[in-house]
Amino acid sequence: MSTTRRRTKAPRTAPALHPNRAVDAEVRRAWGRLSAEIRACRRCPLGDLRTHAVVYRGGLAPRVVFVGEAPGAEEDRTGVPFVGRSGRELDRAVATLGLSDEDFGVLNTLKCRPPGNRFDPSAARTCRPYLDRQLELLHPEVVVTLGARALAAIDPTALPMLSAAGRPRAHGGITLFPLIHPAAALRSRRLRERWERDVRVLDQWLAERLA
Ligand code: SF4
């Protein structure tokens, strides 16, 4: 199966299953306050180096939240997460999952671009409370981490990436579903096959939640 060739599904929605489906006004207000706080943040040195803090794209009552590592150059320029090549790969996967625009969201563990795209663990620790507050407000059914650093940021005790990928499990009150980073699928045939296999497992997992 190729995610590039697979037919896009009709949107799959699950209003009855989602506890936060109807986003109330207080959640919208809290989300707006949190987003403004992130955009103004200077808690770590990356705040003085960024063009834009990269907060989120997606619905406010998503079934699935994808968590990446850190913004790249295009994200820093636009302020929107996953808009480059790996973002297009992720969007193809989202289409195969049949998720509507409101049913998924994308964010990063680190909100500001590290110089040279070198992940900064110290900044990630400083930034971590924002991720926790975002996930608490979004309250998705499943948190899909993209890549080893995103997985480690949420679960430092997780198995190595290729052992953890494609295996949903409970962690700290959320369901975690690790995937390799979509950029990896662009690097080798072997990793593309692994990416597509694990996206199919996620597809099946979501389908079983609706059954
Ligand atoms: S990376 Fe996070 S903690 Fe650092 S300035 Fe940006 S938003 Fe603030």
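About the criteria used
All residue numbers refer to position in the chain's written sequence, counted from 1. Confidence filtering applies because this is a predicted model: local features only for residues at pLDDT of at least 70, side-chain atom pairs given and counted only at 80 or more, and all residues used for totals across whole chains, interfaces and linings. Neither water nor hydrogens contribute to the side-chain values; these are computed over all heavy atoms in the structure. Strands are runs of DSSP state E lasting at least 2 residues, helices are runs of H or I lasting at least 4, and numbering of each runs from the N terminus. Summary of the burial criterion: residues with accessible area below 20% of their type's maximum are buried, those above 50% are exposed, and those between are partly exposed, where the area comes from a 1.4 Å probe applied to protein chains only. Contacts between residues were defined by any pair of non-hydrogen atoms, one from each residue, lying within 4.5 Å. For the accessible areas, the method is Shrake-Rupley and the probe is 1.4 Å, while residue cover comes only from the protein chains on display. Each residue is tested against the molecule or strand, and it is near if at least one of its non-hydrogen atoms lies within 4 Å. Cavity: a set of points on a 1 Å grid over the protein atoms alone where a 1.4 Å probe fits but cannot get out. Pocket: an open set with protein on both sides within 12 Å along at least five of seven lines, its lining residues, like those of a cavity, having an atom within 4 Å of a point. Think of it this way: a molecule belongs to a cavity or pocket when more than half its atoms come within 2 Å of the grid points there. Classes in brief: Ala, Val, Leu, Ile, Met, Phe, Trp, Tyr, Cys and Pro nonpolar; Asp, Glu, Lys and Arg charged; the others, Gly included, polar. Residues grouped as a nonpolar core are buried Ala, Val, Leu, Ile, Met, Phe, Trp, Tyr and Cys residues, joined through side-chain atoms within 4.5 Å. Any two rings among Phe, Tyr and Trp, with Trp reduced to its six-membered ring, count as a pair given centres within 6.5 Å; such a pair is stacked if its planes are under 30 degrees apart, edge-to-face if over 60, and tilted if neither. Here, a salt bridge means any side-chain nitrogen of Lys or Arg that lies within 4 Å of a carboxyl oxygen of Asp or Glu. Grid points are joined across faces, edges and corners, and a volume is the space filled by probe spheres set on the points.

Help me understand the overall build of the protein chain, please; the structure alone is not making it clear to me.
Across its full length, the protein chain carries eight helices and six strands. In the protein chain, the succession of α and β elements from N to C terminus is α-β-β-α-α-β-α-β-α-α-β-β-α-α. Per-residue burial for the protein chain yields a buried fraction of 51% across its 211 residues. Contacts spanning at least 24 positions in sequence make up 76% of the contacts within the protein chain whose residues lie at least 6 apart. Only carbon and sulfur atoms are counted for the fraction: they give 51% of the accessible area of the protein chain, which is about 10,100 Å².

Where do I start with the site of the ligand in this structure?
By nearness alone, every residue bordering the ligand is listed as Cys41, Arg43, Cys44, Gly47, Arg50, Leu110, Lys111, Cys112, Thr126, Cys127 and Tyr130. When atoms are counted within 2 Å of each cavity's grid points, the one that captures over half of the ligand is the largest cavity. When its residues are assigned to classes, the shell around the ligand shows six nonpolar, two polar and three charged.

Sorry if this is basic, but what is going on with the nonpolar core here?
Note on soluble globular proteins: their nonpolar side chains tend to be buried together. Counting 58 residues, the largest nonpolar core has Phe66, Val144, Trp195 and Leu202 as its most contacted members. Among the elements that line this core, the one with the most residues is helix H4 (residues 121-138), at seven residues. Discounting chain neighbours no more than four positions away, the residues touching valine 144 are Val64, Val65, Phe66, Val67, Phe177, Leu179 and Leu202.

It is not clear to me how the packing of aromatic side chains should be interpreted in this structure. Could you clarify?
Given two aromatic rings, their pairing is described by the distance between the two centres and the angle made by the two planes. Tallying each qualifying case throughout the model produces two aromatic pairs. Look at tryptophan 31 and tyrosine 56: their rings are 5.0 Å apart centre to centre, the planes differ by 70°, and that puts the pair in the edge-to-face class. Of the two residues, tryptophan 31 is situated in helix H1 (residues 25-40) and tyrosine 56 in the loop between H1 and strand E1 (57-58); the sequence distance between them amounts to 25 residues. In this pair, the class of tryptophan 31 matches that of tyrosine 56, namely buried.

It is not clear to me how the pattern of salt bridges should be interpreted in this structure. Could you clarify?
Where charged atoms of side chains with opposite charge meet at close range, the side chains can pair. Enumeration over the complete set of coordinates arrives at 18 salt bridges. Notably, a salt bridge pairs arginine 149 with glutamate 69, separated by 3.8 Å at the nearest N-O pair. One end of the pair, arginine 149, is in helix H5 (residues 148-154); the other, glutamate 69, is in the loop between strand E2 (64-68) and helix H2 (73-78), and 80 residues separate them in sequence. A relative accessible area of 43% means that arginine 149 is categorised as partly exposed. Linking glutamate 196 and arginine 192 is a salt bridge whose minimum nitrogen-to-oxygen distance equals 3.2 Å. Residue glutamate 196 and its partner arginine 192 are both found in helix H8 (residues 189-210); the two are separated by four residues, about one turn of the helix. Of the residues examined, glutamate 196 reaches a relative accessible area of 5% and is grouped as buried. The network of salt bridges with common partners includes Glu89, Arg92, Arg192 and Glu196.

What am I meant to see in the side chain of glutamine 134 here?
Residue position: glutamine 134 is located in helix H4. Sequence-distant contacts of glutamine 134, defined by excluding residues within four places in its chain, comprise Trp31, Leu34, Ile38, Val55, Tyr56, Leu107 and Lys111.

What exactly am I supposed to notice about the environment of serine 86 here?
Secondary-structure assignment places serine 86 in helix H3 (residues 85-97). The contact partners of serine 86, leaving out residues within four places of it in the chain, are His181, Pro182, Ala183 and Leu186.

Before we go on, may I ask you to explain the layout of surface pockets in this structure?
The probe, sized like a water molecule, is rolled over the atoms to show the empty space still left. Approximately 600 Å³ is the volume found for the largest pocket. If you go around the largest pocket, you meet 26 residues; those closest to its centre are Glu69, Ala70, Ser86, His181 and Ala183. For the lining of the largest pocket, the secondary-structure elements that each account for two or more residues are H3, H5, helix H6 (161-164) and helix H7 (182-185). The class makeup of the residues in the lining of the largest pocket is 13 nonpolar, eight polar and five charged.

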